[in-house]
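# Structural description and commentary
If you want the building blocks of each chain, they are given just below.
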Amino acid sequence: MPAAWQSQFRGILGFGLWRACGLALLGWAGLFSLPSFAATKVTIAVVSLDGDPRYAPRRMEKAYPGHPTGRAVDGVKLAAEDSAFELDAAGLELVVKDVVLPNAAALPKALAELKAAKVQHVVADLPLAELRALVQAAPAALGGAIVFNAALDDDSLRGAQCAAHLLHTAPSRAMLGDALAQYLAARNWRKALLLQGPLPGDALMTEAFNRSAKRFGIKVVAQKPFKLTGDPRERDLGNTRLLTGDREHEVVAVMDSDGEFARLLPYATQWPRPVVGANGLVATAWHPQWERYGGPQLTRRFGKLVGRSMQGPDWAAWAAGRAVATVLAENPKAPVAQQLKALRGGSTTLDGFKGRTLSFRAWDGQLRQPLFLSHVDGVVGTAPLDGVLHPKEVLDTLGVDEQESACKSRP
């Protein structure tokens with residue numbers, strides 16, 4: 001069936017029903033004893049690190065907004081299941097290989113094993129240093145490879161430290177900041193009190209938010225440090241009422257990459273002010289309460305497969321798997337270099353169940369995507385917001401646009 005027809009039927013029936021119809025058709029065809037052919041297996045590797053602090057059991061139990069609650073391999077496995085029908089029509093089967101590095105030094109050995117398995121598609125679920133090492137080594141080690149960053153929001157990976165073969169399905173910090181600033185501007189909440197933690201990630205979040213605030217007309221009326229500490233001399237740095245005692249702000253923006261302080265802030269401010277950023281109103285790639293464009297079906301399939309709710313990092317991993325499946329289905333015999341050009345050039349697009357056709361930006365490899373403005377129980381809006389304009393593509397109002405990009409590496 002032509003790809004355009006497939007897309008139309010998926011839109012009408014919903015992905016789950018479309019997949020069920022496809023399986024039924026395969027069974028019906030079997031009644032006529034059509035010749036069967038062994039599918040060519042294509043392996044996609046999900047590379048993670050044992051002992052990654054993001055996946056410490058205590059952290060995942062707390063389920064801080066925007067943080068992972070499970071490993072990326074779960075989302076990639078769902079993508080392989082969702083893609084089975086269309087890949088079968090192309091004579092292909094997507095196989096997911098879970099590669100857990102015992103330590104950073106094990107990367108060369110792991111890449112040698114992936115080369116022996118002819119792997120050329122890698123989903124990275126790694127901390128920053130290990131991801132950079134993987135990106136640097138993968139092309140030579142694997143004879144050319146596409147690496148998908150499904151975990152990190154660091155703007156540097158999309159900027160000066162980008163790579164031609166590195167694509168990003170996780171939204172960047174700049175995108176998350178722009179989504180929040182668009183919403184604040186739309187609500188006319190234009191005076192923000194910014195609270196920043198002591199960690200390097202907190203400073204990066206602050207940098208991204210300040211950029212977005214300037215871009216969309218939000219004024220940071222004051223910026224204050226916070227710190228969770230048992231030192232009585234620094235007690236005031238953790239006192240939410242003292243930190244928010246000034247009355248000039250209309251919203252409190254908390255930059256907390258760890259997540260612990262931010263969860264204490266909503267409803268604990270001195271004055272009745274909304275909290276945004278790391279808690280309260282949060283910008284995310286996915287929310288389990290998203291109820292449009294087939295979102296509930298995707299969330300249910302993930303829950304059935306894994307046994308937990310689908311969150312933003314899970315969606316990013318799923319999108320990486322779907323990107324591989326889509327480019328393979330479109331041209332099963334294309335070499336990996338041609339696949340990369342199709343993805344990063346924008347000719348291959350994805351349905352991410354967000355109501356828009358998604359594509360990768362040519363200038364930095366970032367997946368264009370709407371983002372959800374949400375709290376713990378629901379979605380209150382999507383960005384880009386109505387009324388936000390762009391001369392070419394409104395999704396490019398989220399994140400670094402082409403003329404701003406410091407990325408110089410393209411396929």
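From a predicted model like this one, the values you see are computed outputs, not experimental measurements.

Right, let's talk about the packing of aromatic side chains for a bit. A full pass over the atoms with the stated rule returns eight aromatic pairs. Aromatic side chains Phe148 and Phe360 sit 6.4 Å apart centroid to centroid with 55 degrees between the ring planes, which places their arrangement in the tilted category. Of this pair, Phe148 sits in strand 4 (residues 146-149) while Phe360 sits in the loop between strand 12 (357-358) and strand 13 (371-375), and the two are 212 residues apart along the sequence. The residues Phe148 and Phe360 share a single accessibility class, namely buried. Both rings, one in Trp290 and one in Phe372, keep their centres 4.6 Å apart while their planes meet at 35 degrees; by these two values the pair is tilted. Of this pair, Trp290 sits in the loop between strand 10 (282-284) and helix 11 (295-306) while Phe372 is found in strand 13, placing the two residues 82 residues apart along the sequence. With relative accessibility at 8%, the residue Trp290 sits in the buried group. For Phe372, a relative accessible area of 0% corresponds to the buried category. The rings of Trp286, Trp290, Tyr293 and Phe372 are connected pair by pair, giving a single aromatic cluster. The positively charged end of Lys354 is found above the aromatic ring belonging to Phe372, 5.5 Å away from the centroid.

This part covers the side chain of Arg158. Assignment of secondary structure puts Arg158 in the loop between strand 4 and strand 5 (166-168). Here Arg158 occupies a buried position and makes no salt bridge, while the nearest side chain of opposite charge, Asp155, is found at 5.7 Å. Within the structure, Arg158 has its side chain in polar contact with the backbone oxygen of Ala170 (distance 2.6 Å). With sequence-adjacent residues up to four places away left out, Arg158 is seen in contact with Asn149, Leu152, Asp153, His168, Ala170, Pro171, Ser172, Asp364, Gln366, Ser405 and Cys407.

Okay, the confidence of the model for the chain next. For the chain, per-residue confidence averages 91 on the pLDDT scale, and 91% of positions sit at 70 or higher. Per-residue pLDDT stays below 50 along residues 1-9; that stretch engages in seven contacts with residues further than four places along the chain or on separate chains. Counting interchain partners and residues more than four positions distant, the pLDDT-below-50 stretch residues 23-35 has four contacts.

Here we take up the packing of helix 8 (residues 173-187) against helix 9 (residues 200-216). At a minimum axis distance of 8 Å, the contact between helix 8 and helix 9 shows a crossing angle of 45 degrees. One finds that helix 8 runs oblique with respect to helix 9. Considering the relative orientation of helix 8 and helix 9, their crossing is right-handed. Where helix 8 abuts helix 9, its residues Arg173, Ala174, Gly177, Asp178, Ala181, Gln182, Leu184 and Ala185 lie against Gly201, Leu204, Met205, Ala208, Phe209, Arg211, Ser212, Ala213, Arg215 and Phe216. Counted by class, the contact of helix 8 with helix 9 contains 10 nonpolar, four polar and four charged residues.

Let us look at the pattern of salt bridges. Any two side chains of opposite charge can pair, on the condition that their charged atoms come close. This model, assessed by the stated rule, comprises 22 salt bridges. A salt bridge links Asp178 to Arg215; the shortest N-O distance between them is 2.5 Å. Remark: Arg215 occurs in helix 9 and Asp178 occurs in helix 8; sequence separation between them is 37 residues. Taking relative accessible area as the criterion, Asp178 reaches 0% and is therefore assigned buried. Overlapping salt bridges bring together Asp178, Arg211, Arg215 and Glu404 as one network.

Moving on: the nonpolar core. By size, the foremost hydrophobic cluster in this structure holds 45 residues, and its most contacted members are Leu94, Phe148, Trp315 and Trp318. When contributions to this core are tallied by element, the ones reaching two or more residues are strand 1 (40-49), helix 4 (73-82), strand 2 (92-101), strand 4, helix 11, helix 12 (312-330) and helix 13 (336-344). Broken down by element, the residue count for this core peaks at 11 residues, all from helix 12. In this structure, Phe148 is in contact with Val122, Val123, Ala124, Leu167, Thr169, Ala320, Ala323, Val324, Leu343 and Phe360, ignoring residues within four places of it in sequence. Of all hydrophobic cores here, the second largest spans 25 residues; its members include Phe216, Val276, Ala283 and Leu385.

The next point concerns helix 13. Of the positions making up helix 13, those classed as buried are Val336, Gln339, Leu340, Ala342, Leu343 and Arg344. Tucked into the core, helix 13 has its buried residues touching strand 3 (121-125), strand 4, strand 5 and helix 12.

Another aspect to go through is the pairing of strand 8 (residues 251-255). Counting buried positions over the five residues of strand 8 gives five, a clear majority of the element. The alternating pattern of strand 8 places Val251, Ala253 and Met255 and Val252 and Val254 on opposite faces, both of which are buried. Where strand 6 (residues 191-196) lies against strand 8, five bridges are found, and the strand directions are parallel. Residue pairing for strand 8: Leu194 is matched across the bridge by Ala253. Here strand 8 runs beside strand 9 (residues 275-277); their pairing, made up of three bridges, is parallel. What sits directly across from Ala253, in strand 9, is Val276.

Procedures and definitions
- Per chain, residues are indexed from 1 in the order of the written sequence.
- Residue-level local features of this predicted model are given only where pLDDT is at least 70; pairs of side-chain atoms are given and counted only at 80 or more, and the full residue set underlies all totals for whole chains, interfaces and linings.
- Heavy atoms from the whole structure form the basis of all side-chain values; hydrogens and water molecules are not counted.
- For Phe, Tyr and Trp, where Trp contributes only its six-membered ring, two rings pair if their centres lie within 6.5 Å, and the inter-plane angle classes them as stacked under 30 degrees, edge-to-face over 60, or tilted in between.
- Here a strand is any run of E in DSSP of at least two residues, a helix any run of H or I of at least four, and the numbering for each starts at the N terminus.
- For the exposure calls, accessible area comes from a 1.4 Å probe over protein chains only, and a residue counts as buried if that area is under 20% of its type's maximum, exposed if over 50%, partly exposed in between.
- Whether a charge sits over a ring comes down to the Lys NZ or Arg CZ being within 6 Å of the ring centre and within 35 degrees of the ring normal.
- Two residue types count as positive, namely Lys and Arg, and two as negative, namely Asp and Glu; His and chain ends fall outside the count.
- Salt bridges are defined by distance alone: a side-chain nitrogen of Lys or Arg within 4 Å of a carboxyl oxygen of Asp or Glu.
- Polar contact criterion, stated in full: a pair of N or O atoms within 3.5 Å, where within protein one must be able to donate a hydrogen and the other to accept it, and residues adjacent in sequence count only if both atoms are side-chain atoms.
- Contacts: residue pairs with any heavy atoms within 4.5 Å of one another.
- The predictor reports its confidence for every residue as pLDDT, a score running from 0 up to 100.
- A fitted line through C-alpha atoms serves as each axis, taken over the contacting stretch for helices, and the angle formed by two N-to-C directions is quoted from 0 to 180°.
- Orientation labels follow simple angle bins: below 35 degrees gives roughly parallel, above 145 gives roughly antiparallel, 65 to 115 gives roughly perpendicular, and whatever is left gives oblique.
- In a left-handed crossing the near helix is turned counterclockwise from the far helix by less than a right angle, and in a right-handed crossing that turn is clockwise.
- Residue type decides the class: Asp, Glu, Lys and Arg count as charged, Ala, Val, Leu, Ile, Met, Phe, Trp, Tyr, Cys and Pro as nonpolar, and the leftover types, Gly among them, as polar.
- The nonpolar core is taken to be a set of buried Ala, Val, Leu, Ile, Met, Phe, Trp, Tyr and Cys residues, with the residues joined through side-chain atoms within 4.5 Å.
- Strand pairing requires that DSSP identify at least two bridges connecting the strands.

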